[in-house]
Amino acid sequence: MVDNYAIILIMILTVLGFGALLLSIGVLVRPYKPTPRKLQSYESGVPNIEPLKGRYTPRFYVIAILFVIFDIEAIFLFPWAVAFDQLGLFGLVEMVLFIVILLIGYAYAWRRGALEWV
Amino acid sequence: MEIAPPPFDLGAIAPFLIVAVGAMIALLADLFIPPARRPALGYFALGTTLVAIGACVWLWGGAVPRLAFANMIAVDRFGLFVTIVTLIGAALSILLSVDFLQEQRLGYGEYFPLMLFTVSGMILLAFANDLITFFIALEILSLGLYILAGSARGRAVSQESAIKYFLLGSFSFGFLVYGTSLIYGATGTTNFTALRVALEGSGLTDNPLLLAGLALVLVGFAFKLALAPFHMWTPDVYSGAPTAVTAFMSVGTKVATFAALLRLVTGALPALYADWSNALFALAIVTMILGNLAAITQRNIKRMLAYSSIGQAGYVLVAVVASDTTQPGVNDAAQSSVLFYLLAYTFMNLGAFAVVVALARPDDERLDLDRDYAGLARRQPLLAAAMAVFMLSLGGIPLTAGFMGKLLVFRAAIEAGYWPLAVVGVLTSAVALAFYLRVVVRMYAGESRHAEERPARVPVPLAVVLAVCLVATIQFGILPAIPLDAARGALTITAP
Amino acid sequence: MGELTLGHFLTLSALLFVIGMLGVLTRKNILIIFMSIELMLNAVNVSLIAFGRYLDSIAGQIFAIFVITIAAAEAAIGLGLILVLTRRQDSVDVTSVSLLKE
């Protein structure tokens with residue numbers, strides 16, 4: 001029982017440590033040149049003084065749609081990961097095939113410019 | 001502990017694999033091919049379907065029936081027959097599309113890859129032997145068709161068609177999945193073979209969950225097959241979609257979905273025969289009457305063909321009702337007539353749409369029966385003659401495939417004791433002649449509005465489609481032995 | 001308060017399904033119709049999971065996973081179609097989609 005909680009604790013520490021590591025790398029590497037506009041609160045890149053009925057670029061929807069599609073693959077990865085030991089090589093090959101098929105779709109979206117930001 | 005993987009029988013699903021891999025290759029190739037070379041993708045797609053037909057023929061001679069992938073797939077001659085019919089329909093539709101897309105300036109986009117993905121769904125549907133495989137296959141085919149229906153992005157009607165198709169398609173999918181979940185809940189299995197075994201001689205057949213599930217599944221099927229009174233979307237969707245897409249979906253979807261319906265009700269739920277045959281009986285009568293009556297008043301050829309396809313589905317349904325597995329002789333006659341009718345319908349309906357495609361001009365699709373079809377025989381005698389044959393066949397005039405199909409269907413209905421279905425069928429066929437013959441009369445007696453115009457040039461691929469459909473329609477009407485023997489040989493639904 | 005039985009879950013699922021169905025039949029906004037369809041599919045998931053638990057069979061969960069996947073694919077395609085539609089006519093009202101009615 002205690003072991004299980006220890007695993008969870010290690011997991012939490014790993015996640016926090018990993019996040020802190022990434023953020024500190026970001027602070028060290030990125031340029032820092034603040035301007036008033038940059039310091040505004042983030043509204044998906046749109047200046048946030050416009051009236052509420054302003055238009056959003058459809059790009060956001062395209063990205064959101066792609067996100068939904070690629071996000072759902074995780075639903076198959078989780079059960080597979082849980083049973084990974086039992087499934088062995090067969091399961092690995094199957095999952096690689098599955099991801100290759102997804103990558104074809106990803107390559108298509110990329111090449112078609114669906115991932116270009118504006 | 002190791003979980004033993006199920007036997008990995010890729011050969012059993014060769015036709016599906018060929019089409020699905022072909023679709024992915026086409027999708028990737030689409031990225032690197034300059035727009036001017038896009039028609040090449042059409043011929044690649046055509047080749048893929050032909051190779052898949054070859055794989056079906058190879059499997060037909062091999063060890064069938066066999067179950068694969070933990071019994072989720074049943075590779076039997078029934079599925080292979082349906083797959084071959086679907087693939088023929090797909091191959092002809094692809095040939096139909098190559099020049100049509102260019103001429104109508106619709107752009108190729110993802111057209112051919114989508115078509116192949118849709119076909120892969122149809123193939124999987126024909127082989128599905130599990131509720132899960134079944135609804136995934138149905139969704140693969142539907143999702144592809146939603147996009148194809150809206151593939152004319154510049155045209156409002158096409159987008160409207162896609163939205164309507166999508167909303168009603170997913171609505172009906174909800175019913176279907178709910179129904180399958182109830183069937184699963186009542187029996188504890190999703191596998192068709194296991195379902196049949198579980199229901200045989202059990203007290204489950206009165207289970208309210210099971211019956212509610214069956215009812216919901218039938219409603220879902222009725223939506224997908226455009227059976228009245230669940231057909232409202234069909235005329236709008238068929239007339240709004242690009243004609244080549246309409247041709248494809250009116251044929252392929254019906255063939256594969258009818259196969260799935262037949263496999264589900266006779267392969268998995270024969271114990272509920274009394275229940276589903278009564279429901280389908282009512283649907284068949286309403287469908288035959290409403291579809292054919294509504295077609296009479298249509299002036300737009302695509303809307304007319306849409307209502308006509310509703311009526312035709314009614315005739316196929318008559319034979320499905322007669323598929324009583326407790327009477328082997330009757331059941332064989334009924335099921336082989338379903339298969340024959342679907343084959344005949346593929347050729348005659350695709351042929352009719354091919355003529356509509358041939359007449360379309362870039363600025364005007366030429367869909368009005370009174371304006372555009374009047375006097376066609378004088379300007380384009382060959383096209384008019386072909387259209388006349390397809391109309392007569394759809395109407396069920398002797399010496400055509402449509403007549404043989406109707407004859408077999410009605411005979412099966414009478415043998416099974418469903419003479420009211422046969423009577424309604426014959427009466428509505430007589431009514432249907434009114435609108436089929438009207439097209440013929442317009443073409444041969446009317447005065448052309450486009451007399452001064454040069455006749456449309458029929459591109460070679462389209463001519464091939466017309467020739468194939470024409471030959472098949474007439475040949476199956478005069479010598480139905482070959483397809484009928486094949487259909488009779490295909491009556492092995494999932495021996496366990 | 002008794003124990004939760006299969007009946008409770010099935011009732012919940014049936015209610016959600018009917019709410020979704022009524023939403024599809026009565027709403028005018030395509031996005032809301034679409035959300036109602038998603039509600040119907042999720043109602044099905046509730047019943048599938050409940051059956052899976054009650055029958056002690058894994059098939060219910062597998063079934064539900066595939067329904068979720070298909071719902072996501074449907075969402076992507078549906079939103080794509082709606083996006084193309086709004087670019088054209090700046091409205092997501094089904095009554096404005098009526099060129100084809102006769």
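Residues numbered from 1 in each chain as written. Chains lettered and ligands numbered in written order. Predicted model: local features only at pLDDT ≥ 70, side-chain atom pairs only at ≥ 80, totals over all residues.

**A few points about the overall build of chain A**
Next up, step 1: On a plain count of helices and strands, chain A comes out with four helices and zero strands.
Next up, step 2: Helices (α) and strands (β) of chain A occur, in sequence order from the N terminus, as α-α-α-α.
Next up, step 3: Every one of the 118 residues in chain A was classed for burial, and the buried ones make up 2%. (Helix = DSSP H or I, 4+ residues; strand = E, 2+ residues; numbered from the N terminus. Buried ≥ 20, exposed ≤ 12 C-beta atoms within 10 Å, placed from the backbone.)

**Here's the deal with helix H2 (residues 30-55) of chain C**
Note on helix geometry: an α-helix contains 3.6 residues per turn, so any two residues three or four positions apart are oriented the same way.
Next up, step 1: With 26 residues, H2 of chain C should cover 38 Å at 1.5 Å per step; its first-to-last C-alpha distance of 37 Å lies within 8% of that length.
Next up, step 2: Phi turns positive, to about 55°, at Asp56 of chain C, one or two residues after H2 of chain C. (Expected span 1.5 Å × (residues − 1).)

**Details of the interface of chain B and chain C**
Next up, step 1: The interface is formed by 30 residues belonging to chain B together with 31 residues belonging to chain C.
Next up, step 2: Those elements that place two or more of their residues in the side of chain B that touches chain C are helix H5 (131-149), helix H6 (156-187) and helix H9 (233-240) of chain B.
Next up, step 3: At 17 residues, the largest contribution of residues to the side of chain B that touches chain C is made by H6 of chain B.
Next up, step 4: Considered class by class, the residues forming the side of chain B that touches chain C number 15 nonpolar, eleven polar and four charged. (Contact = placed C-beta atoms within 7 Å. Nonpolar A, V, L, I, M, F, W, Y, C, P; charged D, E, K, R; others polar.)

**Comments concerning the packing of helix H4 (residues 111-127) of chain B against helix H10 (residues 243-268) of chain B**
Residue and element names in this part refer to chain B.
Next up, step 1: Across the interface, H4 lies against H10 with an axial gap of 8 Å and an inter-helix angle of 20°. Considering their axes alone, H4 and H10 lie roughly parallel with respect to each other. Seen along the crossing, H4 lies across H10 with a hand that is left-handed. Judged by residue contacts, Met115, Val119, Met122, Leu125 and Ala126 of H4 engage Phe248, Gly252, Ala256, Thr257, Ala259 and Ala260 from H10.
Next up, step 2: For the contact of H4 with H10, the residue count by class is nine nonpolar, two polar and no charged. (Axes fitted to C-alpha atoms, helices over the stretch in contact; angles between N-to-C directions. Parallel < 35°, antiparallel > 145°, perpendicular 65-115°, else oblique. Left-handed = near helix turned anticlockwise from the far one by under 90°.)

That's the geometry; what it means functionally is another story.
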